[in-house]
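Here is how the chains run, residue by residue.
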Amino acid sequence: MFYRENGQFKTSYRTDQQIFPIAQDRWAILALIAFAFIGVPFLVDEYLYRAILIPFLILSLAALGVNILVGYCGQISLGSGAFMAVGAYMAYNTYIRIDGMPLVLALLSGGFFATLVGIFFGIPSLRVKGLYLAVATLAAQFFCDWAFLRVGWFTNNNASGSVSVSGLSVMGWTIDTPMEKYLFCLAFLVVFALLAKNLVRSAIGREWMAIRDMDVAAAVIGIRPMYAKLSAFAVSSFIVGVAGALWGFVHLGSWEPAAFSIDRSFQLLFMVIIGGMGSIMGSFFGAAFIVLLPIFIERISLLVGLSTAAAAHMTFMVFGALIVWFLIVEPHGLAKLWSIAKQKLRLWPFPH
């Protein structure tokens, strides 16, 4: 009874095209964002910041980028980990090689270089699709793993092959404590989520969805497949590259190429499948699920008496079973279940 639209009239095109046309949704999202910025810092300890909240925010940002390419444009990609690595390493090189480079510009430069790499490896999408495109993007993963491991320039000729950053600051604000890192990542996520939501609602977003549904029919009605597919690769790679830079700079602080291995690519793809393809909200659901499930299984395993190795294997088994279940029962993931629940709330207690 509290989720009704009675009395909410749309008197202009502007009000009819709002991101959240239902007032309860708008106020709930604003309250959630306000609580994330103001309430969470007073309630959360250092462990929750490092183990849950910061990884969740950065992986949600990466899942947004993957969802634009896979969910909205229908282009299967297994090179997301490579684009994250490009963003991290190029942001690192920009940050240390240019004197006085601001941190935010360095992170965005990582996204820019990831865009260039994403467009280059997205060119095969003009000719191939499906499994063949997945293999083509997988080549990006192997190539970047080799380049960052063997080419010394990317690691500033560090003999150990790893890189590290410290002393992060933005306009005099030192980003040192877990709370400050959390707020910094949250600001990035809110801005990019708003941009992504508006982008998929725009003309280019409708072109992506037309290509996803049937690219031949989209070409017949005047949509340019080359522009639509490459623009999806560009936007997706940019967001994933910025997420990779945040993962290296803010979450890890020190990393090596193994931090962005093919496992990371599969992890991001699992987030999109479980959370919901073609849904901005699904990216958050998928990231929360992937971050929280291993911790939950580990706690249950300790209570039952299983070893750490058995808990790790149990995590992979549960992931595999859930992916198969979602692909068969609910291909649109957790976001679709959330949408169904909202529809039922709009009718409750009179479901007719």
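In what follows, the structure referred to is the one given above.
Residues numbered from 1 in each chain as written. Predicted model: local features only at pLDDT ≥ 70, side-chain atom pairs only at ≥ 80, totals over all residues. Heavy atoms only, no water.

A. Representation of the overall build of the protein chain in the model. For the protein chain, the count of helices and strands is 14 helices and 4 strands. If you line up the protein chain on its principal axes, its C-alpha atoms span 70 × 55 × 45 Å. The buried share of the protein chain, reckoned over its 352 residues, is 46%. A fraction of 74% describes how many contacts in the protein chain between residues 6 or more apart in sequence connect residues 24 or more apart. As presented, the protein chain carries roughly 18,100 Å² of accessible surface, and 70% of it is formed by carbon and sulfur atoms. For the protein chain, the centre of its 22 positive side-chain charges and the centre of its 16 negative side-chain charges are spaced 10 Å apart. (Helix = DSSP H or I, 4+ residues; strand = E, 2+ residues; numbered from the N terminus. Buried < 20%, exposed > 50% of the residue type's maximum accessible area, 1.4 Å probe, protein only. Contact = heavy atoms within 4.5 Å. Areas by Shrake-Rupley, 256 points an atom, 1.4 Å probe, with all protein chains shown as cover. Lys, Arg positive; Asp, Glu negative; His and termini not counted. Charge placed at Lys NZ, Arg CZ, Asp CG, Glu CD.)

B. Quick look at helix α6 (residues 131-150). Counted at 1.5 Å a residue, the expected span for α6 with its 20 residues is 28 Å, and the 29 Å between its end C-alpha atoms agrees. Restricting attention to buried positions, one finds in α6 the residues L133, A134, A136, T137, L138, A140, Q141, C144, A147 and F148. Those residues of α6 that are buried lie in contact with α4 (80-97), α5 (103-122), α10 (225-252) and α11 (262-275). (Expected span 1.5 Å × (residues − 1).)

C. Just the environment of L78, in detail. In this structure, L78 sits in the loop between α3 (46-72) and α4. For L78, a relative accessible area of 13% corresponds to the buried category. For L78, the residues in contact, after removing those within four places along its chain, are A134, T137, L138, Q141, S265, F266 and L269.

D. Region of the structure containing the nonpolar core. The biggest cluster of nonpolar side chains holds 99 residues, and the ones touching the most others in it are L61, L103, Y182, F184, L246, F249 and W255. With 17 residues, α3 is the largest single contributor of residues to this core. Ignoring sequence-local partners within four residues, the contact set of F249 consists of A88, A91, Y92, Y95, L103, L107, V165, L168 and W255. (Core = buried A, V, L, I, M, F, W, Y, C linked by side-chain atoms within 4.5 Å.)

E. Main features of the pattern of salt bridges. Applying the stated criterion across every chain, the model contains 4 salt bridges. The shortest N-O distance in the salt bridge between D25 and K342 comes to 3.3 Å. Placement of D25 in helix α2 (residues 23-43) and of K342 in helix α14 (residues 333-347) is noted, with a sequence separation of 317 residues between them. For D25, a relative accessible area of 14% puts it in the buried group. (Salt bridge = Lys/Arg side-chain N within 4 Å of Asp/Glu carboxyl O.)

F. Focus on the packing of α11 against helix α12 (residues 280-304). Contact geometry of α11 with α12 gives a least axis separation of 7 Å together with a crossing angle of 120°. Compared by their axis directions, α11 and α12 come out oblique. For the crossing formed where α11 meets α12, the hand is right-handed. Packed against α11, whose contacting residues are Q267, F270, M271, I274 and G275, the element α12 presents G282, F285, G286, A287, F289 and I290 at the interface. Among the residues making up the contact of α11 with α12, the classes are represented as 7 nonpolar, 4 polar and no charged. (Axes fitted to C-alpha atoms, helices over the stretch in contact; angles between N-to-C directions. Parallel < 35°, antiparallel > 145°, perpendicular 65-115°, else oblique. Left-handed = near helix turned anticlockwise from the far one by under 90°. Nonpolar A, V, L, I, M, F, W, Y, C, P; charged D, E, K, R; others polar.)

G. Spatial organisation of the packing of aromatic side chains. Inspection of every chain in the model, using the stated rule, returns 19 aromatic pairs. A ring pair is formed by W325 and F326, whose centres lie 5.0 Å apart and whose planes are at 80°; its orientation type is edge-to-face. Classification of W325 by relative accessible area gives partly exposed; the value is 41%. Of the aromatic side chains, those joined through ring pairs into one cluster are Y89, Y92, Y95, F148, W153, F154, F249 and W255. R224 extends its terminal NZ or CZ atom over the ring of Y227, reaching a point 4.7 Å from the ring centre. (Phe/Tyr/Trp six-rings, centres within 6.5 Å; stacked < 30°, edge-to-face > 60°. Lys NZ or Arg CZ within 6 Å of the ring centre and 35° of its normal.)

H. Representation of a nonpolar patch on the surface in the model. Residues F296, I300, L303, V304, L306, M314 and M317 make up a contiguous nonpolar surface patch of roughly 720 Å² in combined accessible area. Here the element with the most residues in the nonpolar patch is α12; it accounts for 4 residues. Relative to the helices and strands, L306 is located in the loop between α12 and α13 (308-329). (Patch = residues over 30% accessible without salt bridge, like charges linked within 9 Å, V, L, I, M, F, W, Y side chains within 5 Å.)

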